[in-house]
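Observations on the three-dimensional arrangement
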Amino acid sequence: MNQEDYAPEDAYEAGDGTGEDAEATRREAGEAESSRASRGWWDRNADDYQNEHGAFLGDDRFVWGPEGLDEADAALLGPADSLKDKDVLEIGAGAAQCSRWLASRGARPVALDLSHRQLQHALRIGEDVPLVEADAGRLPFRDASFDLACSAYGAVPFVADPVNVMREVHRVLRPGGRWVFSVTHPIRWAFPDEPGPEGLSIAASYFDRTPYVEQDEEGRAVYVEHHRTLGDRVRDVVAGGFRLVDLVEPEWPEWNTQEWGGWSPLRGNLIPGTAIFVCERD
């Protein structure tokens, strides 16, 4: 993305570009506007995203973020052998790579995404996972339908009302269910979105929650990302009815030499890029 110096860090799911004529700004953006912008952005950019990042994501790999933390190693949803016969909802699934990995472990995943084009890529890769096109704030499932829920940089950073998403996930989980989601680490909001040394100097207030918006010539949002501080995220989890059992901040591994938007080995070795919230429904 071509963001101004004050702009927050790109979300991992956001790829690297929007329309050439989009104007970057900071302003309020409500639930409906944010949802429309996300759906349109992903429908337009899904092809480029999958072409550029598909090899890193794989067809059936569960990666939590640009650092490359793999669920096969992290076991944040539970030991791999415990996933068998579990009903799992993946939110913001994209091309359903994570869901395919879950299916390979014997789980029964459902991949949900707002973008029709992203789900078409899921079909291109394979038809072995049920796909649902829907908004994370209005999950089209009965109460207590799933044992687990997960989201790797999907939905949560892009919604105006994250507590509503938490409550919806809480509703569709069974008692004892686990909800694990990753987002851009909130501290990145204060830094320019650059992978090099220029991305290491604070350029904005960490405490400024004003959304980052890219808008067209008529002022309509074409991309929206919402900032929450680390404390905000914890309070959102609790307000949604969950108990936070872990907060994971993956370190940048030596093997990962790639740059992904504002993520890079240089920055990753100095400041966290991803925050993963591990939550449970009592």
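Residues numbered from 1 in each chain as written. Predicted model: local features only at pLDDT ≥ 70, side-chain atom pairs only at ≥ 80, totals over all residues. Heavy atoms only, no water.

1. Some remarks on the environment of Leu-247
Formally: The way it works is that DSSP assigns letters per residue, a run of H or I at least four long becomes a helix, a run of E at least two long becomes a strand, and they are numbered from the N terminus. The cut-offs for exposure are 20% and 50% of the maximum accessible area for each residue type, with area from a 1.4 Å probe on protein chains only; residues under the lower value are buried, those over the upper are exposed, and the others partly exposed. Residue contacts follow a heavy-atom distance rule, with two residues in contact if any of their heavy atoms lie within 4.5 Å.
Within the fold, Leu-247 resides in strand S9 (residues 243-248). Classification of Leu-247 by relative accessible area gives partly exposed; the value is 27%. Between the C-alpha atoms of Leu-247 and Val-172, which are 75 residues apart in sequence, the distance is 22 Å. When sequence neighbours within four positions are dropped, the list of residues in contact with Leu-247 reads Leu-230, Ala-275, Ile-276 and Phe-277.

2. Structural notes on the confidence of the model for the protein chain
The predicted coordinates should not be examined in detail at positions where pLDDT is low. The test is simple: The predictor rates its confidence in each residue with pLDDT, a number between 0 and 100.
Of all residues in the protein chain, 93% have pLDDT values of 70 or greater, and the mean over the chain is 93. Under a pLDDT of 50 for its full length, residues 1-18 has, in the predicted model, 85 contacts with residues more than four places off or in other chains.

3. Details of the packing of helix H5 (residues 162-172) against helix H6 (residues 230-239)
Going by this rule: In this analysis, axes come from line fits to C-alpha atoms, helices being fitted only over the stretch in contact, and the angle between any two N-to-C directions falls in the range 0 to 180 degrees. Oblique is the label for every angle not falling under 35 degrees (roughly parallel), over 145 degrees (roughly antiparallel), or within 65 to 115 degrees (roughly perpendicular). By the definition used in this description, the sense in which the near helix is turned from the far one sets the handedness, with an anticlockwise turn below a right angle giving left-handed and a clockwise turn giving right-handed. Gly is put with the polar residues, along with every residue not named as nonpolar or charged; the nonpolar set is Ala, Val, Leu, Ile, Met, Phe, Trp, Tyr, Cys and Pro, and the charged set is Asp, Glu, Lys and Arg.
At a minimum axis separation of 8 Å, H5 and H6 run at an interaxial angle of 40°. The angle between H5 and H6 places the two elements in the oblique class. For the element pair H5 and H6, the recorded crossing hand is right-handed. Facing Pro-162, Val-163, Met-166 and Arg-167 of H5, the residues of H6 in contact are Arg-233, Asp-236, Val-237 and Ala-239. Residues that form the contact of H5 with H6 fall into these classes: 5 nonpolar, no polar and 3 charged.

4. A word on the pairing of strand S10 (residues 274-280)
Applied cut-off: DSSP calls a pair of strands paired once it identifies at least 2 bridges connecting them.
Most of S10 sits out of view: 7 of its 7 residues are buried. Pairing of strand S6 (residues 173-184) with S10, which is carried by 7 bridges, proceeds in the antiparallel orientation. Residue pairing across strands places Ser-182 opposite Ile-276, the latter belonging to S10. Relative to S10, S9 runs antiparallel, the two being bridged by 5 bridges. Each bridged residue has a counterpart across the sheet, and for Arg-243 the counterpart in S10 is Glu-280.

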